[in-house]
Amino acid sequence: MMQAKIFFGSTEATTDTFSERKSPFNDKVVSTAPICNEADAKKALSIAQNATVAAKASTLAQRCNWLLDVASKLKESKEDMAQTITDEVGKPITFARVEVERCVETITLCAETMRTMHGETINTDAMNSGKKTLAFFRREPVGVVVAITPFNFPLNLVAHKLGPALVAGNTVVLKPTPEAPLTSYKFAKLFIESEYAIKDALSVVYGDAEVGSALIGSDIPRVISFTGSVPVGEIITKNSGIKKIGLELGGNAATFIEKTADLELAAQRCALGAFVNSGQVCISLQRIYVEDEVYDEFSQLMAMETKKLKVGSPYDDDTFMGPLIDDEAASRAMDWVESAIEEGATPLLPPHREGRMFHPCVMANVTDDMAIVCEEVFAPIVSLVRVNSFDDALPRMNNSPYGLQFSVFTNDLRITNRAIDELNAGGIVINDMPTLRFDIQPYGGVKLSGVGREGPRFTIEEMTEIKSIVIC
């Protein structure tokens, strides 16, 4: 068992008190982390503020080499990092390895993207009120970034914040999820021990509300980047003051199955999208609106595909679903299912829970007024809703406080065009699950799903300021 440590800039530190992280699969203690407080958060922020001078003065070549070095070292330690992810959050090892691979790509892409980002010249004599000058703008680092990350992708979502922030010349204070302190510690250590590292540019502190409040309430950071729940996002919005805020919050992803679609493909992809990572993904497929003409056939196919998914030890290569993150999550999932059954829904597979292991559940005969489709379940549960047509499905899909990602399965070009134009979400996918995300794309939502966009290029834009220059 390894112990995560604080990074006050490039200096490791610890405390007298520690928290234990137990595996959600077998309750073994898999890591420990220092218990930080408000003073620790303020110390990390002060160090980050002092380091902004060196970070801004560094060359782009150094920063790109820094990220590429981290990507190379991470690739070499892929199996160890994947095992750490599985230990701490119970993610099946096969998917943990995929997360490490994605993280390598994300960090590499941040370096490649930053090399090509630039300002442009402006024709100030284009208007009658103007005159001929040399005018241009360029991007500069914001200064200090606070990054707060969740448990469901404890490595790659950290990369989506650290990579853009550091390659743009900022300094960062990271507060990782309490569920995976060692994953973040090992990742941060790669940055700090790199031969290209900028001294004190990255700090790591651990904790919950006390530490988080100290970070977001301080006047030092210019950007707060948070991925997590809507209630915490609301607290950040109210208490952070005048800062740039990036919020990637909840979702209630939906898809529409149209009669011309390839139903077998749709069922395969929907089963993956609903149950990967035990449904603990912001863009997990939660609502499936199926055209009446193919509802019964699709329901059978969906149940059949779901039965194929292996639930078991996250350490087995062929396991698709491991445990939910904690007992509360598993209990809440069963409450969702029992409530829906009481309201008239029908499970196509018998609901089954063994401790934190919650088997995938497909609910049929679900109606719009049931809580199971109105709120984010964040569990391996998907609901089938019968609709007459896309005209019927469209307002029902949009009738949600969330708007992260939607999808449509169809071979009708008119419906494809309408889905792109009329579905109200940050991302629209045609003929695949709404859970599809490529790290190179802009990613984020509308309404309660958040503010701002992630993806290397788009996060770099969020974490830089435009400076306008005129030479007369």
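The structure this text deals with has already been given above.
Draft legend 1. Quick look at the pairing of strand E8 (residues 144-148). Across the five residues of E8, five count as buried, placing the element largely inside the fold. One ladder, built from five bridges, connects E8 with strand E9 (residues 171-175); its direction is parallel. Bridged to Val 146 within E9 is Val 173. The handedness of the E8 to E9 crossover, carried by helix H5 (residues 156-167), is right-handed.

Draft legend 2. Molecular detail of the sheet that holds strand E13 (residues 253-257). With mixed pairing, seven strands are arranged side by side in an open sheet as E15-E18-E19-E14-E13-E21-E22. At either end of the open sheet lies a strand with only one pairing partner, and these are strand E15 (346-347) and strand E22 (427-430). The pairing of E13 with strand E21 (residues 405-409) spans four bridges and is classified as parallel. Note that in E21 the partner of Thr 255 across the bridge is Ser 407. Running over the sheet, helix H11 (residues 327-342) touches E15, strand E18 (361-364) and strand E19 (381-387) and is turned about 20° from E18. Helix H14 (residues 413-422) rests against E21 and E22 of the sheet, and its axis sits at about 165° to E22.

Draft legend 3. Quick look at the packing of aromatic side chains. According to the stated counting rule, one finds seven aromatic pairs in the structure shown. Judged by centre distance (6.2 Å) and plane angle (65°), the ring pair of Phe 25 and Tyr 315 falls under edge-to-face. Placement of Phe 25 in the loop between strand E4 (18-22) and strand E5 (29-34) and of Tyr 315 in the loop between helix H10 (295-307) and H11 is noted, with a sequence separation of 290 residues between them. What makes Phe 25 partly exposed here is its relative accessible area of 33%. Taking 5.5 Å as the distance between ring centres and 85° as the angle between the ring planes, the aromatic pair formed by Phe 95 and Phe 320 counts as edge-to-face. Placement of Phe 95 in helix H4 (residues 93-116) and of Phe 320 in the loop between H10 and H11 is noted, with a sequence separation of 225 residues between them. Through a chain of ring-to-ring contacts, three or more aromatic side chains come together here, namely Trp 66, Phe 187 and Phe 191. Of note, Lys 91 hangs over the ring of Phe 153, and the distance from its end group to the ring centre comes to 3.8 Å.

Draft legend 4. Seen up close, unusual backbone geometry. Here the phi dihedral of Asp 27 falls at roughly 65°; this positive angle occurs in a residue that is not glycine. A relative accessible area of 42% places Asp 27 in the partly exposed class. One non-glycine residue, Ser 278, adopts positive backbone phi at about 55°. Residue Ser 278 is classed as buried on the basis of its relative accessible area of 3%.

Draft legend 5. Region of interest: the side chain of Thr 183. Mapping Thr 183 onto the fold places it in helix H6 (residues 181-192). Every residue in contact with Thr 183, bar those within four places of it in the chain, is listed here: Met 81, Thr 84, Ile 85, Glu 88, Pro 154 and Leu 155.

Draft legend 6. Highlighting the pattern of salt bridges. Under the defined criterion, the tally for this structure stands at 34 salt bridges. Glu 293 is paired through a salt bridge with Lys 259; the nearest N and O atoms lie 3.9 Å apart. Note that Glu 293 is positioned in the loop between strand E14 (285-291) and H10 and Lys 259 in the loop between E13 and helix H9 (263-275), a separation of 34 residues in sequence. Taking relative accessible area as the criterion, Glu 293 reaches 62% and is therefore assigned exposed. In this structure, the salt-bridge partner of Asp 292 is Arg 386, at a minimum N-O distance of 2.9 Å. In this pair, Asp 292 sits in the loop between E14 and H10 while Arg 386 sits in strand E19, placing the two residues 94 residues apart along the sequence.

Draft legend 7. Seen up close, the environment of Gly 455. With respect to the element layout, Gly 455 can be found in the loop between strand E24 (450-451) and helix H15 (456-462). Linking Gly 455 and Val 142, residues 313 residues apart in sequence, is a C-alpha distance of 18 Å. Look past the residues within four positions of Gly 455 in its chain and what remains in contact with it is His 160, Arg 437, Asp 439 and Gln 441.

Draft legend 8. Here's a closer look at the environment of Ala 364. Residue position: Ala 364 is located in strand E18. Owing to a relative accessible area of 5%, Ala 364 belongs among the buried residues under this scheme. Separated by 22 residues in the primary sequence, Ala 364 and Arg 386 place their C-alpha atoms 8.7 Å from one another. Beyond its immediate sequence surroundings of up to four residues, Ala 364 is in contact with Tyr 295, Ala 345, Thr 346, Leu 348 and Leu 384.

Draft legend 9. Representation of the packing of H5 against H6 within the structure. Running from N to C, H5 and H6 point in directions that differ by 20°, and their axes come no closer than 12 Å. Viewed along their axes, H5 and H6 adopt a mutual orientation that is roughly parallel. Remark: the crossing between H5 and H6 carries right-handed chirality. Residue-level inspection shows Val 158, Ala 159, Leu 162 and Leu 166 of H5 in contact with H6, the latter providing Ser 184, Phe 187 and Phe 191. In terms of residue class, the contact of H5 with H6 is made up of six nonpolar, one polar and no charged.

About the thresholds
- In this numbering scheme, every chain counts its residues from 1 along its sequence in written order.
- Given that this is a predicted model, residues contribute local features only at a pLDDT of at least 70 and side-chain atom pairs are listed and counted only at 80 or more, while totals for whole chains, interfaces and linings are drawn from all residues.
- Where side-chain values are given, they derive from all heavy atoms of the structure, hydrogens and water being excluded.
- Using a 1.4 Å probe on the protein chains alone, a residue whose accessible area is under 20% of its type maximum counts as buried, one over 50% counts as exposed, and one in between counts as partly exposed.
- Put simply, DSSP marks the helices as runs of H or I at least four residues long and the strands as runs of E at least two long, and each gets a number from the N terminus on.
- The criterion for strand pairing is that DSSP finds at least two bridges linking the strands in question.
- Looking down the strands as they point away from you, a crossover is right-handed if its path from the first strand over the helix to the second goes clockwise.
- Residue contacts follow a heavy-atom distance rule, with two residues in contact if any of their heavy atoms lie within 4.5 Å.
- Between the N-to-C directions of two axes lies an angle of 0 to 180 degrees, each axis being a line fitted to C-alpha atoms and, for a helix, fitted only over the stretch in contact.
- Geometry of aromatic contacts follows a simple scheme: Phe, Tyr and Trp rings, the Trp one being its six-membered ring, pair when their centres are within 6.5 Å, and the pair is stacked under 30 degrees between planes, edge-to-face over 60, tilted otherwise.
- Criterion for a charge above a ring: Arg CZ or Lys NZ at most 6 Å from the ring centre, at most 35 degrees from the ring normal.
- Each salt bridge in this description consists of a side-chain nitrogen of Lys or Arg and a carboxyl oxygen of Asp or Glu lying within 4 Å of one another.
- In these notes the angle categories are as follows: under 35 degrees is roughly parallel, over 145 is roughly antiparallel, 65 to 115 is roughly perpendicular, and the rest is oblique.
- The sense of a crossing depends on the near helix, which, turned anticlockwise from the far helix by less than a right angle, makes the crossing left-handed and, turned clockwise, makes it right-handed.
- Any residue outside Ala, Val, Leu, Ile, Met, Phe, Trp, Tyr, Cys, Pro, Asp, Glu, Lys and Arg is labelled polar, Gly included; the first ten of those are nonpolar and the last four are charged.

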